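In case you want the letters, here they are:
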Amino acid sequence: GLLLALARLRAGDPSGARSSAEGARAWGSMIGYRGMVASATLLAAAADRTLGADAAPSAFEALSAAHTLGMRPLAIDTLDLIAALARDAGRPTLAARLHGAAQRLRTDVGMVQSPLARLLEPDTAFRAGPDVADAWAQGTRLGMTGAVGFATRSRGRRGRPRSGLDSLTPTERDVMELATRGLSNTTIGERLLISAGTVRTHLRSVFNKLGVTSRTELAGRFGVRDA
């Protein structure tokens, strides 16, 4: 079922590919084969992208499952899919970082591009711009955990309240945690692959959402405390 889904996707039949992937996912669930479920979820998401449907939920589900199960090749392919979704959404630097991470991770584990990854690969013109090239290079410095975390933060969360800890986006939470540990904006930016100016913007948002006015107050109220 998984091979048929991939073959149909490569042949330009995303509807058939999705049907095959759903069949494989159903069988995987029936026999408790989590790896098959994760693989089928990825292929279904790739088919949804081609069909113009919302592929993000399935893509992030596949990424989480692959990373949890230690399925590195599958997680790497999923990073490429999420990068392709970012390209579709007009977020080229995000896409470049994830594509760069996937490329480096394949080298690290000694694997070549899968047939699915080749379908998701951007054209050469995509990498021509200096901003995209820099973002691609930044992505190559991410390890597996860093790449998965970066991809997850890029998604954010829907239905978030307007104030309090639950209102913070994943990136805002990361910025808050590092700020309460005394790291400078520049160092935080280097850790999260964002600029110091973007860190300041996130901190202003954190202050507003949490009702604090300074780093000292933020650390006092929300800093990590030793047990």
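Procedures and definitions
- Residues numbered from 1 in each chain as written.
- Predicted model: local features only at pLDDT ≥ 70, side-chain atom pairs only at ≥ 80, totals over all residues.
- Heavy atoms only, no water.
- 1 Å grid on protein atoms, 1.4 Å probe; cavity = no way out; pocket = protein on both sides within 12 Å on 5 of 7 lines; lining within 4 Å.
- Points joined across faces, edges and corners; volume = space filled by probe spheres on them.
- Helix = DSSP H or I, 4+ residues; strand = E, 2+ residues; numbered from the N terminus.
- Nonpolar A, V, L, I, M, F, W, Y, C, P; charged D, E, K, R; others polar.
- Salt bridge = Lys/Arg side-chain N within 4 Å of Asp/Glu carboxyl O.
- Buried < 20%, exposed > 50% of the residue type's maximum accessible area, 1.4 Å probe, protein only.
- Lys, Arg positive; Asp, Glu negative; His and termini not counted.
- Contact = heavy atoms within 4.5 Å.

**What about the layout of surface pockets?**
- Here the largest pocket is characterised by a volume of approximately 280 Å³.
- At the level of secondary structure, the elements contributing two or more residues to the lining of the largest pocket comprise helix H4 (56-69), helix H5 (72-88) and helix H9 (144-155).
- Counting residues per element, the lining of the largest pocket draws most heavily on H5, at four residues.
- Class assignment of the residues belonging to the lining of the largest pocket gives a composition of ten nonpolar, one polar and six charged.
- Of the pockets and cavities examined, the second largest pocket occupies roughly 200 Å³.
- What lines the second largest pocket is Asp-80, His-99, Gln-103, Arg-106, Gln-113, Leu-120, Glu-121, Pro-122, Asp-123, Thr-124, Arg-127 and Trp-136.
- In terms of residue class, the lining of the second largest pocket is built from three nonpolar, four polar and five charged.

**Some thoughts on the pattern of salt bridges**
- In total, this model carries eleven salt bridges according to the counting rule given.
- Linking Asp-48 and Arg-18 is a salt bridge whose minimum nitrogen-to-oxygen distance equals 2.5 Å. In this pair, Asp-48 sits in helix H3 (residues 34-51) while Arg-18 sits in helix H2 (residues 14-31), placing the two residues 30 residues apart along the sequence.
- Its relative accessible area of 6% is what places Asp-48 among the buried residues.
- Residue Arg-18 is classed as partly exposed on the basis of its relative accessible area of 24%.
- Of the charged contacts in the structure, one is a salt bridge between Asp-88 and Arg-49, with a shortest N-O distance of 2.7 Å.

**Observations concerning the side chain of Arg-97**
- Structurally, Arg-97 is set in helix H6 (residues 92-109).
- An unpaired buried charge is present at Arg-97: no salt bridge exists, and Asp-134, the closest side chain of opposite charge, is 8.9 Å distant.
- When neighbours within four sequence positions are excluded, Arg-97 is seen to be in contact with Ala-135, Trp-136, Gln-138, Gly-139, Phe-150 and Leu-193.

**Quick look at helix H10 (residues 170-180)**
- If you check which residues of H10 are buried, you get Thr-171, Glu-172, Val-175, Met-176, Leu-178, Ala-179 and Thr-180.
- Contacts from the buried residues of H10 go to H9, helix H11 (185-192), helix H12 (196-210) and helix H13 (215-222).
- Just past H10, the residue Gly-182 takes up positive phi, approximately 90°.

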